[in-house]
Amino acid sequence: ARPRCWRRVEEARRLYAGTAEAIVGRIRCGGEASGPVVSSFCATLSRAAWSVEEVVDEVVGLLLAGHETSSNTACWALHLLATSQPQQERCRAEVDRAFESAEAKSEAAGTSSSSTRLSLGEL
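Draft legend 1. Representation of the pattern of salt bridges within the structure. Counting across every chain of the model gives two salt bridges. As a salt-bridge pair, Glu11 and Arg7 come within 3.4 Å of each other at their nearest N and O atoms. Note that Glu11 and Arg7 are positioned in helix H1 (residues 6–28) at a spacing of four residues, about one turn of the helix. Note on Glu11: relative accessible area 38%, which makes it partly exposed. The salt bridge involving Glu10 is made with Arg13; its shortest N-O contact spans 3.4 Å. Taken together, the residues Glu10 and Arg13, both in helix H1 and three residues apart, mark about one turn of the helix. Look at Glu10 and you get partly exposed, because its relative accessible area is 21%.

Draft legend 2. Focus on the confidence of the model for the protein. For the protein, per-residue confidence averages 75 on the pLDDT scale, and 72% of positions sit at 70 or higher. Ranking the helices and strands of the protein by mean pLDDT puts helix H4 (residues 85–109) first, with 84, and helix H2 (residues 36–46) last, with 67. Overall, residues 118–123 carries pLDDT values under 50, and its contacts beyond four positions in sequence, including any with other chains, amount to five contacts.

Draft legend 3. Summary view of the nonpolar core. Membership of the largest hydrophobic core is limited to seven residues, which are Ala17, Ala20, Val24, Val55, Val56, Val59 and Val60. Elements with a minimum of two residues in this core: H1 and helix H3 (52–82).

Draft legend 4. Quick look at H4. Between the first and last C-alpha of H4 there are 36 Å, a value that for 25 residues agrees with the 36 Å anticipated at 1.5 Å per step. Within two residues after H4, Gly110 carries a phi angle of roughly 75 degrees, on the positive side.

Draft legend 5. Geometry of a negative patch on the surface. Taken together, the side chains of Glu21, Glu53, Glu54, Asp57 and Glu58 define an acidic patch exposed on the protein surface. Among the elements that line the negative patch, the one with the most residues is H3, at four residues. Here Asp57 lies in helix H3. A relative accessible area of 54% means that Asp57 is categorised as exposed.

Conventions and cut-offs
Residues numbered from 1 in each chain as written. Predicted model: local features only at pLDDT ≥ 70, side-chain atom pairs only at ≥ 80, totals over all residues. Heavy atoms only, no water. Salt bridge = Lys/Arg side-chain N within 4 Å of Asp/Glu carboxyl O. Helix = DSSP H or I, 4+ residues; strand = E, 2+ residues; numbered from the N terminus. Buried < 20%, exposed > 50% of the residue type's maximum accessible area, 1.4 Å probe, protein only. pLDDT = per-residue confidence, 0-100. Contact = heavy atoms within 4.5 Å. Core = buried A, V, L, I, M, F, W, Y, C linked by side-chain atoms within 4.5 Å. Expected span 1.5 Å × (residues − 1). Patch = residues over 30% accessible without salt bridge, like charges linked within 9 Å, V, L, I, M, F, W, Y side chains within 5 Å. Areas by Shrake-Rupley, 256 points an atom, 1.4 Å probe, with all protein chains shown as cover. Lys, Arg positive; Asp, Glu negative; His and termini not counted. Charge placed at Lys NZ, Arg CZ, Asp CG, Glu CD.

Here you go:
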């Protein structure tokens, strides 16, 4: 018997596959590729080296691999910040400097917006 979460795994797989199929289908109909990797896969498809299903499988694999890598990196970074007060302070100071610099450039260009300023101290 499959675990209860398997249904959600299958739903996610179908969502990714549907997205990949739409991308590949759009390109096969003369649309533009969304990047060099997809272009490469579609060029392989046009030479009949791979089937549509094989290209879709590869694109899904890349989507999942990229998602897991990014989410794991973000989780690990947040864990490290949560456990190190000195690193939190360094990060907060860097973010504050970046926002101050962006606000100064925006004001100098006359394009100041009413965006809300992020404060890591409130998180």
